[in-house]
Every structure is written in structure tokens, then in C-alpha cells.
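Each chain, written out:
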Amino acid sequence: MNTSHPLRTIEAHEFDAWARMITTTYGQDWREGALRNARSVHDPARTLAAYDGRDIVGGTSIYGRTVTVPGAFVPVAGITLVAVLPTHCRRGILTAMMREQLTGLHESGGEPIAALNAAEATIYGRFGYAIASHRAELRCDKRDMTLRPDADPGNGRIRLLAGDEARPLLEKVHDTVRRQAPGWVDRTEKYWDARLHDAEHIRDGATELRYALHTEPGGEATGYALYRSKGSTVQIVELAATTRQSYACLWRYFIDLDAHDRLTCDAAVDEPLPHLLTDPRAARASVVDNLWVRLVDVDRALAARRYAAPLDLVIEVEDAFCPWNAGRYQLHADDSSAICERTRDRPDLRLSAAELGAAYLGGPTLSALAAAGRIEELRPGAVAAASLAFRGTREPFHPSGAAFPAF
């Protein structure tokens, strides 16, 4: 506990003061519409604040979600809206909040992993978080975009629907896609409310959201895209497809969209779009970090996911920030199960909890981390075996929301 700035969860009536602290720290105006949206998804019992007397000077919150990982669905503590007022920086408040949050999850037996989108890349590594997925910021010149002759857009069609009519169909498609896509999270009703929140002040001069729905000849919804227009640019906010035909058809819709020259979209690093185009360079990507993952409890987290190859490995884990994780674990995995238990056996690998967090979604490889000197191989071949087993079938990607929520 930081005794000079005590920490506690907020009361419901303190939400406005807490939210004003957040917007002040982020350099944003007080926007009542956005705050109503934030209030709908925030749980005061999972919202921590630091106090200077009666004033709230720092805070962070948790969204309880379920994230898709290789072979499984795992409860995740989505860490969001982390802030300390500029008047109170460098006093240990952030460190105290991060420690209180992770300790609380551990002691309560809460979610075995935590995850966040980092506003700055230099902040969260010291708390054991690591980059577990990347996103490709696609910038497309639509004038050069043509589908390959062998692309198959199927026999479905695209319809533009009003939000209320589209929503139940979006929810069904999203739930199908997210179950196959590492890094995607579930969306209950309140999170759909937040995702589709479309107040004018959050559009940055763009149009209201458009809802493009792909349906099969029989009427089944198999894909959708949420998008806006700003000048001659189409901003694709989210695109999801359950079949390769619906995926190709949605992109054909955008390629053929008149009065627009450019497309922007955040996507997975291994997004199929360039492989659909006669000129792959028409879709250029800048790759940046996406989701940062922290293992709250190493044994529970590693046992919760599945592995791409059989594995029998002893891992020595270092974790100064969450010392309950430090020690040796035997990880045994086969096609259908995984067991991770404490052991005194000689270790095959030595690494920190951060490296395990980086590899947890099946993205960055343990081999790459070892090549950077972040993993010590104590048995020849252990890095290669672990790296293969931890990989997923696709690169993980977390489609972030807009405005509130931040996770």
C-alpha cells in the first residue's frame, strides 16, 4: 500500500470525479456522452483510485472478459484507463496501483492473465507485461486495388442496414469469428453498446458508422464491416467474416465503392488481404504493438491454453514484481490437455514471466526472444521445442474499441 497516497476501489458516486481525473490526464475535454458510455461498462468494485486527501489523483480499472488463446478461451482481466494526474507523477503511484491490482487478482483467484493496450511502450514492461500481439495499420490505395482473377467472392450479397437491424446479426458473426481468432474477446450486451457508441464528437470529422452486412443466398449472415467516410478515405472500423467467400465479397465492396480513393483498416499481421489482390503493394502495412499480456499466475495461465505440439518441459521463472510466480514449473502438454505444476527438477529453460506473456497468445516466438538474449536455454533443443509448442495457427490480433472502452 502506498501510504502517502492510499488506494481503494471507488464508490459509485465517485465515478464522475474519477473520470474527470482520467480525461484531464489524457489531455481530453470532459465529454458527457463518452462518460455515460464509460459508466455503462465500468464496475466500481474493479475500479481502483489513488487519493491525495479527498482528491482522486490516479486510477485504473478492470474489464472482465474472455480472450481466445490457442485451443481455449481464458478469462482475462482487461486493464484500462490507467492514469496519474500530471501533478502527482513520479511518486510511485502507478507502481503501487499495478501491484495492488495484480496482487488482488492473485489472492482472489481471479483471472489468470491480465492484458492491456499500452499508450506508451516504455511503461508496462517493468510490471511484467510484454507485447503478445501486433496489429497492421493498413493504408490502401483503392485505385490500385483489384481482386485476383481466382478470388472467390461467392454468391452472397452486401446490404447496408440500420444499426438496430444489423446488431443481432453482427453479434452472431462476431461470436463465431472470435472463437477462432486468438486475441479476440467476447462481447456481452454492455460491450456491444460501447463498441457501437457513435456520438458525433468521437468521429473526428468522419461520418456516422455504416453497417455493411454480408448474407448468403439463403439469408444467413456470414460477415460484416463497420466503417466511416472522411473525405475520400474509407475508415474500416471493424471487419469480420466467417468464410473466405464473405471476406472476399466484403473487400470487393470496398474496392468498388465510388467517390473514395483510399482505405484504412487495422488488421492482423497475417491479414489475407494482400493475397487477394493482383497488386499486393496496394495494401501497405505499418506494424505496431497491439495487446500486452501479463501472467497473473503462471501455473494457472499455462495450464489454461493448449499447445501445437507435445511438450514436457521444466521452466524456471523469474518474477520480481509478482514474487509468488518465481520458481520452477513442469509443463506437460499433449493434444487435449496441459498440466503446469511446481517442481524441484532441473530446469530446461530460464526466463521471466514477461517472456511467457509475450508468447502466450501464440504470436512472438520464444526462439526470437531467446535470440534477443531474453531466454536462457539450459538443455539443448528446449527453446526450439517450446517455441513450436507455444505457436498458434494464426497471428494473434486484438481489435480494439474506440473512445470508451480502451480494452
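Everything quoted here is computed from the prediction, not taken from an experiment.

A word on the overall build of the protein
Right, on to step 1. A tally of regular secondary structure across the protein gives 11 helices and 19 strands.
Right, on to step 2. Here the protein has a C-alpha radius of gyration of 22 Å; the compact-globule value for 407 residues is 22 Å, and the two agree.
Right, on to step 3. Along the first, second and third principal axes, the C-alpha set of the protein runs to 60 × 55 × 35 Å.
Right, on to step 4. For the protein, the proportion of its 407 residues judged to be buried stands at 52%.
Right, on to step 5. If you sum the accessible surface of the protein, you get close to 18,200 Å²; carbon and sulfur atoms cover 47% of it.

Re the sheet that holds strand β1 (residues 7-9)
Right, on to step 1. A sheet is described by the order of its strands in space; here seven strands give the open sequence β1-β2-β3-β4-β5-β14-β6, paired in mixed fashion. Each of the sheet's edge strands pairs with one partner strand only, and the pair in question is β1 and β6 (130-131).
Right, on to step 2. Sheet topology places strand β2 (residues 47-52) next to strand β3 (residues 55-69); six bridges connect them, and they run antiparallel. If you follow Ala50 over to β3, its bridge partner there is Gly58.

Points about helix α11 (residues 382-390)
An α-helix turns once per 3.6 residues; consequently, residues spaced three or four apart project the same way.
Right, on to step 1. Of the residues making up α11, those classed as buried are Ala382, Val383, Ala386, Ser387, Ala389 and Phe390. Taken end-on, α11 shows its buried residues confined to a sector of 165°, consistent with a single buried face.

Rules of the game
Residues numbered from 1 in each chain as written. Predicted model: local features only at pLDDT ≥ 70, side-chain atom pairs only at ≥ 80, totals over all residues. Heavy atoms only, no water. Helix = DSSP H or I, 4+ residues; strand = E, 2+ residues; numbered from the N terminus. Rg over C-alpha atoms; globule rule 2.2 N^0.38 Å. Buried < 20%, exposed > 50% of the residue type's maximum accessible area, 1.4 Å probe, protein only. Areas by Shrake-Rupley, 256 points an atom, 1.4 Å probe, with all protein chains shown as cover. Pairing = 2+ DSSP bridges. Arc of directions from axis to C-beta.

Fair warning: the whole summary comes from geometry, so function is off the table for now.
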